[in-house]
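Observations on the three-dimensional arrangement
What follows is the residue order along each chain.
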Amino acid sequence: VFLDEIGELPLALQPRLLRAIEAREIFPLGAEAPLSVEFRLLAATNRDLARMVEEGTFREDLYYRLNVVPVQIPPLRQRREDIPLLIRYFTDHYNRRYNSYKRFSEKLIERMTAMPWKGNIRELENVVERMIVTSTASEIESLGPIDHEAAAAAGESKTLVDLIQDYEDTLLIQPTVARKIKNLRQRRQIERP
């Protein structure tokens, strides 16, 4: 059994979980007698459970039941060498899901490696999926607005002219937008006296 975000479990429900862990018994809905169960338990949280125990928002006995073999996984920003591998993994995964053949440029992967990724792997995965779904180019070279945030986080500064040029380049890469711009320019030439 995997309990994700165990730190979010309300204090009122924690004794029930503790009983299930200790007695290896659960009460199914509508049952009159407990049911004996055999399971292995994994729990994950992004909270500091030891501090929650001190604050009284997490039961101490449940904490020690769960804290048998603790595994600390550092945030993605502390293991940047994993980011290119994860980008390639998620790109392959979403290319298969959406039957596409897109890839991220090496330059963009380098910029993404410098991003802070406050949402960790979930944020990285969402960005990769978004780009696979929304990009019309086979090689993705920019994340649009997200890319400018990454540049700022990496200490790169861009002028307004550079940002406008990047935005125009992004628009011109997309064929449908390029056609619209061409049609608009043609209409403007016709309307001029």
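Analysis parameters
Residues numbered from 1 in each chain as written. Predicted model: local features only at pLDDT ≥ 70, side-chain atom pairs only at ≥ 80, totals over all residues. Heavy atoms only, no water. Helix = DSSP H or I, 4+ residues; strand = E, 2+ residues; numbered from the N terminus. Buried < 20%, exposed > 50% of the residue type's maximum accessible area, 1.4 Å probe, protein only. Phe/Tyr/Trp six-rings, centres within 6.5 Å; stacked < 30°, edge-to-face > 60°. Lys NZ or Arg CZ within 6 Å of the ring centre and 35° of its normal. pLDDT = per-residue confidence, 0-100. 1 Å grid on protein atoms, 1.4 Å probe; cavity = no way out; pocket = protein on both sides within 12 Å on 5 of 7 lines; lining within 4 Å. Points joined across faces, edges and corners; volume = space filled by probe spheres on them. Nonpolar A, V, L, I, M, F, W, Y, C, P; charged D, E, K, R; others polar.

A few points about unusual backbone geometry
Positive phi, normally seen in glycine, also occurs at Trp-117, with a value near 45°. Within the secondary structure, Trp-117 is located in the loop between helix H5 (106–113) and helix H6 (120–134). Accessibility expressed as a relative area gives 1% for Trp-117, which makes it buried. Its identity as a non-glycine residue notwithstanding, Asn-120 has a phi of 55°, on the positive side. In this fold, Asn-120 is placed in helix H6.

Examining the packing of aromatic side chains
All chains considered together, the criterion is met by 3 aromatic pairs. A centroid spacing of 5.1 Å and a plane angle of 70° characterise the contact between Tyr-63 and Tyr-64, whose relative ring orientation is edge-to-face. Looking at Tyr-64, the relative accessible area reads 53%, which means it is exposed. Ring geometry for Tyr-89 and Phe-90: centres 5.4 Å apart, planes at 65°, overall edge-to-face. What makes Tyr-89 exposed here is its relative accessible area of 52%. Looking at Arg-24, its charged tip hangs above the ring of Phe-39, at a distance of 4.6 Å from the centre.

Thoughts on the confidence of the model for the protein
On average, the protein scores 84 in pLDDT, and the residues at 70 or more come to 75%. Per-element mean pLDDT across the protein ranges from 57 in helix H7 (residues 145–153) up to 96 in helix H4 (residues 83–97).

Comments concerning the layout of surface pockets
A volume near 1600 Å³ is recorded for the largest pocket. Around the largest pocket sit 38 residues that line it, and Ala-43, Ala-44, Thr-45, Val-71 and Ile-73 are the ones nearest its centre. Only strand E1 (2–4), strand E4 (42–44), helix H2 (49–55), helix H3 (60–66) and H6 provide two or more residues apiece to the lining of the largest pocket. Sorting elements by how many residues they give to the lining of the largest pocket places H6 first, with 4 residues. Its residues assigned to classes, the lining of the largest pocket comprises 21 nonpolar, 6 polar and 11 charged.

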